[in-house]
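Chain and residue survey
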Amino acid sequence: MRPRACVTALTGVLLCAFACGSPGREGAAGGAGSDSPALRPVALPPVAGMSESVAEQMQDRYAAVERERKRGPGHGAEYAQAYGELGKVLLGANYLDAAEPALLNAAALDSSDMRWPYYLGHLYRSKGAIRESAQQFERALKHRPADVATLVWLADAYLSEGRPDEADPLVRRALNADPGSTAALYQAGRLALARGDHASAVRQFEAALDRDPAAASIHYPLGLAYRGLGDTQRAERHLAQRSRENRIVEPVDPLMEEVQNTVAGPLALEVRGVEALNRRDWPAAVEAFRQGTALAPRSASLHHRLGTALAMMGRADEARREFETAVSASPGYAKAHYSLGVMLEDRGDEEGALDRYAAAVQSAPDYAQARLRLADVLRRRGRLQDALREYEQVMHTDPTLSDAMLGRAITFVRMGRYREGRDQLLEGLKAYPNHSGFPLALARLLAAAPDDSVRDGSRALALAEQVVKVDQSTDVGETLGMALAEVGRFEEAVAVQRDLIAAARQAGRPDLVARLQDNLRLYAARQASRTPWRSEDVGDAR
Amino acid sequence: MRVSCTAVVAVSVAAAACGSNSRVADDAAAAARTPEWFTERAADAGINFTHFNGMSGAYYFPEVMPPGVGLLDYDNDGDLDLYLVQGQALGTGAPLRPPPGPLTGRLLRNDLQVSPDGNRVLRFTDVTSASAITASGYGMGVAAGDIDNDGWTDLYVTYFGRNQLWRNNGNGTFTDVSARSGTALEGFSVSAAFVDYDRDGWLDLYVGNYVRYSLETDQRCSNLAGVRTYCPPQVYPALPDRLYRNRGNGTFADVTATALIGREFGRALGVSTADFDGDGWMDVYVANDGSENILWTNQRNGTFRNTALLAGVALTAEGQAEASMGVDAGDFDNDGDEDLFMTELNGEGSNLYVNSGTGIFDDRGARSALGPSTLQYTGFGTAWFDFDNDGWLDVLSVNGRVQAAEGDTRQPFPLDQPRLLFRNLGNGRFENVSGIAGAAFAVAEVGRGAAFGDLDNDGDQDVVIGNDAGPTRLLMNNIGNRNHWIGLRLVDQRAGRDLLGARVEVVRSDGTVLTRRARSDGSYASANDPRVLVGLGTAREAPGIRVRWPDGQTEAWPSVPLDRWTTVVQGTGQ
């Protein structure tokens, strides 16, 4: 144990011993005799192992409580505030057992301040003590009956307990106070779902989504509501858009934001920054990560996250510097290598990107996303055997990365191994039925493979016609043209190709025009294409 | 509730001891006569096993996950034997606790004696050496099933390391056929399940894999204040599950790539197999830690599709992925379909997904009271079981944290929590009866695996519990057999193999039907009694049964004897 930590721990123990008297002692020390509320003993958690900044914060606030206590009676509000600030930092650091008596004391000393029962409501919610949570939110509501956040959280508590009838009036009050509150509309939807009223649930969730289209968390329960109405198509559409952030729709909650912003440790700042990233608040994310790197300058993770936030703001050079700092702090930090690789690839520096992706997978052999990118770059640069090896490794590590199988198939084609390419695409068609890349790539190969035994014009046309129903991109159109030519329908192939060229011209894509004209010449001469992909455009197949 | 109950008992006993008024004395006497619903009797029964997780202060991730426990009748003498999973040291640091004995999995033979007057003496004997099972390594869980249809139950043991398949030779010994069978998977597997998914009469194997992890890639994690703690699973990438098809010749084919369409996977912890959509084919539900759960719905052509999202069992009703450790399928509301119960992390609350009959589910955790009642617990092993034989499936979960409560500096493993017992009220709601079920429910331990079965064959279900870095516990049920029941062992005609997946409809004299299933999977990393025990309450008339066998054939028996175990053989019914 380091000396400072040792002293810190000892100080903590002494402070605890001093403050941790019986309620009666506290009360007596409070001075005003029978008017002083009985206070609970408050003990700091063990600070051994804590980051210094957080330990200091806790001790400073504890010392503030002691100062107020020594001032004697007549300063109830300040005393309450001191306990409350201590409770906030403990709550923010997730030391719920330690925070509880501090906040209870604050509430006892100043019953007019709604913050203390409000924070206690959240504390008990975090502990899973839903009944106690509801009781505290109810107390807070007495001070601010129209506070939307409190109404929403209380309704949430009742719904979590399976008490929709108690939640109902609260949701109504929240909507009266703020008809446009996304969180209140969301709770109204939950309420309706809990009662099995799917039609009403759909209305409320749709209203919430209208209000805040970026609130992805609404899609999942909305999908369930549509499912309840028997509308499977809409249900699946919304379920597919579900949030990956694992949170409910929360009300605007400045009081809890204050708590979350209280703890000054590097990890707490990193968590805060990640939450800001998740809600796409890039400036807040940058701010949190910067504060974190100031406290922990050698943290590769913080520098990498800061770089990510900066990149999202379009500040590429600053982002790159942060990624490079992350790598210099931790040479094996795979994510930073990967991010640098992506930046280089975007700039067209494929060789540089290759080195970075290789470094990423060397440090983290199971980093499937990095290995997939590595495989793609290798393929584009003609290192086909290496690309094959990397795709196979990705398929083994993370079979859900369907692009790896597609990439492997295309690599086979580039190597002239058309049958293996076809077989891989057929396997992909079965394994990943929702991935449109497989039918498209298969159509193209069956239409234009130089190997007679692989070509199947009829099947190619059937596949291409199926894909074009949902996707009218250039790539798909070109594939359709290839398939039409293969089955001898040259006039139609020419027509399709001419339309594509016109569209490419309009879009200002001379590169595409040139490519498309090669096949146009073939079709006009009543010849089919025998080049499924050119080496420079094969990336478009994914 | 537990504390208040204990206090009441203490006051009553104290009052009795003080020689106070006769009513108090009567109450105390009555309390003394009424047996506990469950009594912990591991030591009495000769089960003296303590799990070793190898913790050395390095907070290695696997330390908080094991062990499972297994029930199987390995010697076919009609009673359930035990397989207990053991760990080993991790890394090079000195363990914080010395190893409690030989660090291998243990096979304990049940030497139940039933005297003519019905008195039962339950006693287990460690026969590991004689069995030739040498299961050393960092064991995680166990699955039991007869893979070669010879009538002798085999074992699949999962590891952080290489999994093992032990074939029962039928003479008290086992042979390691892991490599030969093609199931010697190297990685980090937790739960596994034997299931005949293609109806060919051979048990196939689904292995749930957890995370890609090694000691070399171990991460250092801390809480928000910077204090070292065990890492959450999201720190490590998930490992794909595996599906092995039994070829019928002692080997298995890995059909994962072709059978599991979309190849989705998460950090699998619990696996339960059942026919969720009522089409007669077995499906597989996988509880994934911190990500979407998977419902592999059998397409009846050798493949599965993940339908969890639309089915409503991938996430909570709010769309949140939860920790999802233990899971079991059972018809808790007696409407003829399989519902799902899943244990979760503290703060999340257990989940109850109620089946509409077609494989579409509603999340009713809150409404049932199961969710709110479990918010303060981290649950692992669990199962649907009718502990009081009233005809309604109840649920028990064993609990234990995965990270120390903040500020809890007790060393070395301050993760203990008490277990919970919930009684089914028959109206969609459950009542927490832990406080009146016995002193065993006041004990806090780091609960992980739990296997449910009738160990003394007296007509009620007992529970074996595996505690992480702690002693195995045996909760004997004292009250279930006060009600009537039937016990069914469902077997094939050729070798007497337990036909896992067989579905039984018990037709009571009033015409109502209870639906149950023969299964050994579910819970967490554990193997349950494959027999079916059905509580009938006070009904005195012997019921009839209809059985749908795993191959789709159905048969009926007009009457099955009450209050005894009966072997039901496929092909001998109507």
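Residues numbered from 1 in each chain as written. Chains lettered and ligands numbered in written order. Predicted model: local features only at pLDDT ≥ 70, side-chain atom pairs only at ≥ 80, totals over all residues. Heavy atoms only, no water.

To continue, consider the overall build of chain A. Of regular secondary structure, chain A possesses 29 helices and zero strands. Expected size for 542 residues packed as a compact globule is a radius of gyration near 24 Å; at 31 Å, chain A overshoots this value by more than 25%. Of the contacts made within chain A by residues no fewer than 6 positions apart, 53% connect residues no fewer than 24 positions apart. For chain A, the accessible surface area stands at approximately 23,600 Å², while carbon and sulfur atoms represent 49% of it. Counting 69 positive and 73 negative side-chain charges, chain A places the centres of these two groups 1 Å from one another. (Helix = DSSP H or I, 4+ residues; strand = E, 2+ residues; numbered from the N terminus. Rg over C-alpha atoms; globule rule 2.2 N^0.38 Å. Contact = heavy atoms within 4.5 Å. Areas by Shrake-Rupley, 256 points an atom, 1.4 Å probe, with all protein chains shown as cover. Lys, Arg positive; Asp, Glu negative; His and termini not counted. Charge placed at Lys NZ, Arg CZ, Asp CG, Glu CD.)

Scanning chain B for helices and strands turns up eight helices and 41 strands. Against the globule reference of 25 Å for 574 residues, chain B gives a C-alpha radius of gyration of 22 Å, in line with a compact fold. Projected onto its principal axes, the C-alpha positions of chain B cover 75 × 65 × 50 Å. Buried residues in chain B amount to 61% of all 574 residues. Considering only contacts in chain B between residues 6 or more positions apart, those separated by 24 or more positions represent 60%. For chain B, the exposed surface amounts to about 19,100 Å²; the carbon and sulfur share of it is 49%. (Buried < 20%, exposed > 50% of the residue type's maximum accessible area, 1.4 Å probe, protein only.)

The next thing to look at is the confidence of the model for chain A. With 92% of its residues at a pLDDT of at least 70, chain A reaches an overall mean of 89. Predicted confidence for residues 1–34 of chain A stays below pLDDT 50, and this span has 39 contacts to residues more than four positions away or in other chains. (pLDDT = per-residue confidence, 0-100.)

Next up on the list: the state of the cysteines. Linking two cysteines covalently through their sulfur atoms gives a disulfide. All names here are of chain B. Overall, the coordinates contain one disulfide over all chains when judged by the stated rule. Two residues, Cys221 and Cys231, share a disulfide whose sulfurs are 2.0 Å apart. The disulfide joining Cys221 to Cys231 has a torsion of about 100° about its S-S bond and is therefore right-handed. Residue Cys221 is located in strand β14 (residues 221–222), and its partner Cys231 is located in the loop between β15 (228–229) and β16 (242–246); the two are separated by ten residues in the primary sequence. Accessibility assignment for this pair places Cys221 and Cys231 in one class, buried. (Disulfide = S-S within 2.5 Å.)

Its location among the elements puts A:Leu277 in helix α15 (residues 266–278). Non-local contacts of A:Leu277, meaning those with residues more than four positions away in its chain, are made with A:Trp282, A:Ala285, A:Phe289 and A:Ala309.

This brings us to the packing of aromatic side chains. In this structure the tally under the stated criterion is 37 aromatic pairs over all chains. Judged by centre distance (6.2 Å) and plane angle (45°), the ring pair of A:Trp116 and A:Tyr119 falls under tilted. In this pair, A:Trp116 and A:Tyr119 are both assigned in helix α6 (residues 115–127), three residues apart and thus about one turn of the helix distant. Under the relative-accessibility criterion, A:Tyr119 is labelled buried at 0%. The rings of B:Phe61, B:Tyr138, B:Phe160, B:Phe188, B:Tyr210, B:Tyr213 and B:Tyr236 are connected pair by pair, giving a single aromatic cluster. Sitting over the ring of B:Phe380, B:Arg448 keeps its end group 4.0 Å from the ring centre. (Phe/Tyr/Trp six-rings, centres within 6.5 Å; stacked < 30°, edge-to-face > 60°. Lys NZ or Arg CZ within 6 Å of the ring centre and 35° of its normal.)

On to the interface of chain A and chain B, then. Tallying the contact residues gives 55 residues for chain A and 38 residues for chain B. At the boundary of chain A with chain B, total buried surface from both sides reaches about 3,700 Å², with 55% on carbon and sulfur atoms. A per-residue breakdown of the area chain A buries against chain B is headed by A:Tyr220, A:Arg227 and A:Asn246, which together make up 17% of the total. For the pair chain A and chain B, the number of links is five salt bridges. In this structure, the salt-bridge partner of B:Arg212 is A:Asp366, at a minimum N-O distance of 3.9 Å. Our enumeration of links across chain A and chain B arrives at twelve residue pairs in polar contact (both at pLDDT 80 or more). Those elements that provide at least two residues to the side of chain A that touches chain B are α5 (96–109), α8 (148–160), α10 (182–194), α12 (219–228), α13 (232–240), α15, α22 (384–397) and α24 (418–431) of chain A. Of the residues belonging to the side of chain A that touches chain B, the class tally is 29 nonpolar, 13 polar and 13 charged. (Buried area = accessible area lost by both parts, 1.4 Å probe. Salt bridge = Lys/Arg side-chain N within 4 Å of Asp/Glu carboxyl O. Polar contact = N/O pair within 3.5 Å; in protein donor to acceptor, adjacent residues only side chain to side chain. Nonpolar A, V, L, I, M, F, W, Y, C, P; charged D, E, K, R; others polar.)

So, about the confidence of the model for chain B. In low-pLDDT segments, the atomic positions of the prediction should not be examined closely. All names here are of chain B. Taken residue by residue, chain B gives an average pLDDT of 92. The fraction at 70 or more is 94%. Low pLDDT (under 50) marks residues 1–28, which in the prediction has 18 contacts with non-local residues, meaning those over four places away or in another chain. Of the two predicted TM-score estimates for the complex, the pTM is 0.88 and the ipTM is 0.86.

Bringing the sheet that holds strand β36 (residues 503–507) of chain B into the picture now. All names here are of chain B. Spatial ordering of the open sheet is given by β37-β36-β39-β40, a layout of four strands whose pairing is antiparallel. Since the sheet does not close on itself, it has two edges, and those belong to β37 (513–517) and β40 (554–557), each with one partner. Each neighbouring strand pair of the sheet contributes to a mean axis angle of 20°, computed without reference to strand direction. Summarising the sheet, β36 and β37 pair through five bridges and their orientation is antiparallel. (Pairing = 2+ DSSP bridges. Axes fitted to C-alpha atoms, helices over the stretch in contact; angles between N-to-C directions.)

This paragraph deals with the side chain of A:Thr262. Residue placement: A:Thr262 occurs in the loop between α14 (254–260) and α15. If we ignore the near neighbours within four places in the chain, the residues touching A:Thr262 are A:Gln57, A:Arg61, A:Lys88, A:Val89 and A:Arg272.

All names here are of chain A. Two numbers describe how α15 lies on helix α16 (residues 282–295): the axes approach to 8 Å, and their chain directions differ by 165°. Considering their axes alone, α15 and α16 lie roughly antiparallel with respect to each other. The handedness of the crossing between α15 and α16 is left-handed. Residue-level inspection shows Pro266, Leu269, Glu270, Arg272, Gly273, Val274, Ala276 and Leu277 of α15 in contact with α16, the latter providing Trp282, Ala284, Ala285, Ala288, Phe289, Gln291, Gly292 and Leu295. Among the residues forming the contact of α15 with α16, the class breakdown is eleven nonpolar, three polar and two charged. (Parallel < 35°, antiparallel > 145°, perpendicular 65-115°, else oblique. Left-handed = near helix turned anticlockwise from the far one by under 90°.)

Residue and element names in this part refer to chain B. A cis amide bond, omega 5°, links Pro66 with the succeeding residue Pro67. The topology assignment puts Pro67 in the loop between β1 (38–40) and β2 (69–72). The backbone phi angle of Arg300 is positive, close to 70°, even though this residue is not glycine. Here Arg300 shows up in the loop between β20 (294–298) and β21 (304–306). Not every positive phi belongs to a glycine, and Ala525 is a case in point at roughly 55°. With respect to the helices, strands and loops of the structure, Ala525 is situated in the loop between β37 and β38 (532–537).

Here the focus is the environment of B:Pro412. All names here are of chain B. Residue position: Pro412 is located in the loop between β27 (394–399) and β28 (417–418). The spacing of Pro412 and Arg531 is 119 residues in sequence and 39 Å in space, taken between C-alpha atoms. Excluding residues within four positions of it along the chain, Pro412 makes contact with Met55, Leu96 and Arg97.

The α-helix advances 3.6 residues per turn, and as a result positions three or four apart in sequence lie on the same side. Residues and elements named next belong to chain A. Here helix α7 (residues 130–143) is 14 residues long and its end C-alpha atoms lie 21 Å apart, about the 20 Å a rise of 1.5 Å per residue gives. The complete set of buried residues in α7 reads Ile130, Ser133, Ala134, Gln136, Phe137, Ala140 and Leu141. Looking straight down α7, one finds that the buried residues subtend no more than 165° of arc, so they occupy a single side. In this structure, the buried side of α7 is in contact with α5, α6, α8 and α9 (164–177). (Expected span 1.5 Å × (residues − 1). Arc of directions from axis to C-beta.)

A word on the packing of α8(A) against α10(A). Residues and elements named next belong to chain A. Interhelical geometry of α8 versus α10 gives an angle of 20° and a closest axis separation of 10 Å. Judged on the interaxial angle alone, α10 and α8 are roughly parallel. Classified by chirality, the crossing of α10 by α8 is left-handed. Between α8, through Val152, Asp156, Leu159 and Ser160, and α10, the contact on the second element is made entirely by Ala183, Ala184, Gln187, Arg190, Leu191 and Ala194. Across the contact of α8 with α10, the residue classes break down as six nonpolar, two polar and two charged.

Quick look at the pattern of salt bridges now. Residue and element names in this part refer to chain A. One pass over the full model with this rule turns up 69 salt bridges over all chains. Of the charged contacts in the structure, one is a salt bridge between Arg305 and Glu270, with a shortest N-O distance of 2.7 Å. On the criterion of sequence distance, the pair formed by Arg305 in helix α17 (residues 300–312) and Glu270 in helix α15 is long-range, its members being 35 residues apart. The class of Arg305 is partly exposed, set by a relative accessible area of 29%. On the accessibility criterion, Glu270 (11% relative accessible area) is buried. Taken together, the salt bridges that share partners define one network made up of Glu345, Glu350, Glu351, Arg373, Arg380 and Arg381.

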